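Notes for the structure review
Below, each chain spelled out in residue letters.
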Amino acid sequence: MNAAASCPAAVKVSPEISDEDRQRFHEVISTELADWQIEQVVTPSKIYARQENLLAVHWHPEFVPFKYITQRVEKMFPNVHDKLMIPTQHNVLMSYGDYTGVEVDCYASGFNQKVQLLLHFENEKVEEAHVLKSMLSHTFKYRSSQLFEYMDTITKPMEDRIAKAAKSTGADEDLVEMVRVYVTKIQTMLDQEWSTVPKDSIKNKLLRNYFDAMRPKYGDNLINRIQAYLKEVKKLVKADFSLKFFYRATEVIEEARSLGGCVVIPHPEEFWPILLAKYDVDGIEVWNPQSQRYTDFLISVVNEQNASRTGVDKELLIFMGDDCHMSEKTKPLDTQDSAKAAREIGLQPAWDDLNIRKKLIVAGIDRPSVIEEYKARMAG
């Protein structure tokens with residue numbers, strides 16, 4: 001039997017929106033947590049009793065209430081006595097304790113690429129931050145618009161992208177048509193119920209989550225084929241997504257600085273040229289669950305830049321970002337992305353890696369010193 005013959009066949013789907021379709025849609029967009037979801041959120045898979053310092057300045061609460069996040073973190077790290085936790089929702093300011101943070105999508109004009117920046121503030125510094133809030137609102141709406149282009153690519157359809165995605169993933173005409181019909185239904189339901197749809201659910205992963213919810217109906221093999229095809233379509237949409245409507249990185253940094261905020265470059269492994277831009281930032285994230293390969297090198301970059309600084313320049317700080325997305329922990333275990341689900345707020349094993357610690361010691365950097373210095377900078 002050849003590979004094509006062994007693939008689960010796509011099925012013909014009625015274009016009519018059924019009660020089952022609508023119920024699934026409501027479940028996928030819902031931000032209300034059921035009891036079993038709360039239990040998953042507040043129950044960590046492992047306890048780290050020996051960790052005494054917690055530095056977490058790159059994590060995404062999404063729609064999970066802070067009270068449940070706090071319970072999880074306190075159970076996971078029962079002996080922490082020194083803590084700095086700042087949420088960094090994508091393009092939305094959020095406050096936790098004394099601090100407010102955000103991860104901003106922006107445009108690096110010098111090398112024509114989208115980059116991201118982490119902004120951190122003491123709460124009172126952004127109470128009247130009308131310009132920054134307007135900039136973030138614009139960015140959030142524009143970033144969300146990618147979902148509509150993603151869906152239009154599938155439903156219009158945009159033949160060039162569809163052909164490329166189908167060819168690279170082995171998706172046949174029946175699978176492409178099955179996906180088109182379901183995505184058309186999703187678009188229709190979004191339009192019909194727009195006024196009540198939680199804005200946090202208007203993201204590219206809405207499609208992934210909707211098809212994941214059909215695993216009991218169609219089985220893992222077929223849904224896995226669909227997800228591979230969707231992922232390739234999304235990749236093509238992202239590649240063509242215009243950058244000109246994002247604010248420039250320098251504009252975002254200037255606005256943050258004017259408010260007394262601090263700035264960190266996250267996962268520079270994805271945006272190498274950003275290290276050459278000499279932006280006015282407080283630190284660089286040298287480790288991330290998605291970016292672990294060049295941690296040693298990035299520490300060396302920070303050390304070299306600090307060694308060559310003038311007397312008036314502040315040292316670049318070293319950060320590590322867990323990049324935890326809390327919504328992943330609300331999904332049924334069998335539909336979770338295992339790599340994303342493994343990310344935990346404050347869990348950054350690289351701090352304790354023996355090889356990495358050698359370089360950190362030379363730089364005079366550890367978690368307690370970064371926490372102390374960064375709090376001082378945000379207060380300054």
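Bear in mind the structure is a predicted one, so any value in this text is a computation, not a measurement. (Residues numbered from 1 in each chain as written. Predicted model: local features only at pLDDT ≥ 70, side-chain atom pairs only at ≥ 80, totals over all residues. Heavy atoms only, no water.)

Bringing the pattern of salt bridges into the picture now. A complete count under the given rule lists 28 salt bridges for this structure. The partner of Glu328 in a salt bridge is Lys331, and the shortest N-O contact between them spans 3.2 Å. The same class applies to Glu328 as to Lys331, namely buried. Taken together, the shared-partner salt bridges in this structure form one network comprising Glu20, Asp21, Arg24, Lys185 and Lys217. (Salt bridge = Lys/Arg side-chain N within 4 Å of Asp/Glu carboxyl O. Buried < 20%, exposed > 50% of the residue type's maximum accessible area, 1.4 Å probe, protein only.)

Attention now goes to the pairing of strand E7 (residues 262–265). Along E7, one buried face is formed by Cys262 and Val264 and the opposite face, lined by Val263 and Ile265, is buried too. For strand E6 (residues 113–122) and E7, the ladder comprises three bridges, and the chain directions are antiparallel. Looking at E7, one finds that Leu118 is bridged to Val264. In this sheet, strand E8 (residues 283–287) lies alongside E7 in parallel orientation, the contact comprising two bridges. Within E8, the residue paired with Ile265 across the bridge is Ile284. (Helix = DSSP H or I, 4+ residues; strand = E, 2+ residues; numbered from the N terminus. Pairing = 2+ DSSP bridges.)

Moving on: unusual backbone geometry. In this model, Lys156 is joined to Pro157 through a cis peptide bond whose omega is -15 degrees. The phi torsion at Glu62 lies on the positive side, around 55 degrees, for a residue other than glycine. Structurally, Glu62 is set in the loop between strand E2 (59–60) and helix H4 (66–76). Glu62 gets classed as buried once you look at its relative accessible area, which sits at 8%.

Taken together, the side chains of Asp98, Glu124, Glu127 and Glu128 present a region of like negative charge at the surface. Glu127 gets classed as exposed once you look at its relative accessible area, which sits at 52%. (Patch = residues over 30% accessible without salt bridge, like charges linked within 9 Å, V, L, I, M, F, W, Y side chains within 5 Å. Areas by Shrake-Rupley, 256 points an atom, 1.4 Å probe, with all protein chains shown as cover. Lys, Arg positive; Asp, Glu negative; His and termini not counted. Charge placed at Lys NZ, Arg CZ, Asp CG, Glu CD.)

Before going further, it helps to examine the environment of Asp366. Tracing the backbone shows Asp366 in the loop between helix H14 (354–363) and helix H15 (367–379). On a C-alpha basis, the gap between Asp366 and Val176 in space is 51 Å, while along the polypeptide they are 190 residues apart.

This next bit is on the packing of helix H2 (residues 19–29) against helix H7 (residues 173–192). Axis separation between H2 and H7 bottoms out at 11 Å; the angle between their running directions is 65 degrees. In terms of orientation, H2 and H7 fall into the roughly perpendicular class. Handedness of the crossing formed by H2 with H7: right-handed. Contacts from Asp21, Arg22, Arg24 and Phe25 in H2 reach Tyr182, Lys185, Ile186, Met189, Leu190 and Gln192 in H7. (Axes fitted to C-alpha atoms, helices over the stretch in contact; angles between N-to-C directions. Parallel < 35°, antiparallel > 145°, perpendicular 65-115°, else oblique. Left-handed = near helix turned anticlockwise from the far one by under 90°. Contact = heavy atoms within 4.5 Å.)

Another point: the confidence of the model for the chain. Of all residues in the chain, 98% attain a pLDDT of 70 or more, and the chain-wide mean is 92. In this model residues 1–5 is a low-confidence stretch, pLDDT under 50, and it forms one contact with partners more than four residues away in sequence or in other chains. (pLDDT = per-residue confidence, 0-100.)

Moving on to the side chain of Thr153. Looking at the secondary structure, you find Thr153 in helix H5 (residues 130–155). Looking at Thr153, the relative accessible area reads 0%, which means it is buried. Those residues in contact with Thr153, other than ones at most four positions away along the chain, are Met158, Arg161, Ile162, Val233 and Val237.

Tallied over the entire structure, the rule returns 14 aromatic pairs. Between Tyr142 and Phe246, the ring centres sit 5.1 Å apart and the planes meet at 75 degrees, which makes this aromatic pair edge-to-face. Taken together, the positions of Tyr142 in helix H5 and Phe246 in the loop between helix H10 (220–240) and helix H11 (249–258) put the pair 104 residues apart, joining distant regions of the chain. Ring plane angle 65 degrees and centroid distance 6.4 Å describe the contact between Phe241 and Phe246, whose orientation is recorded as edge-to-face. In this pair, the class of Phe241 matches that of Phe246, namely buried. (Phe/Tyr/Trp six-rings, centres within 6.5 Å; stacked < 30°, edge-to-face > 60°.)

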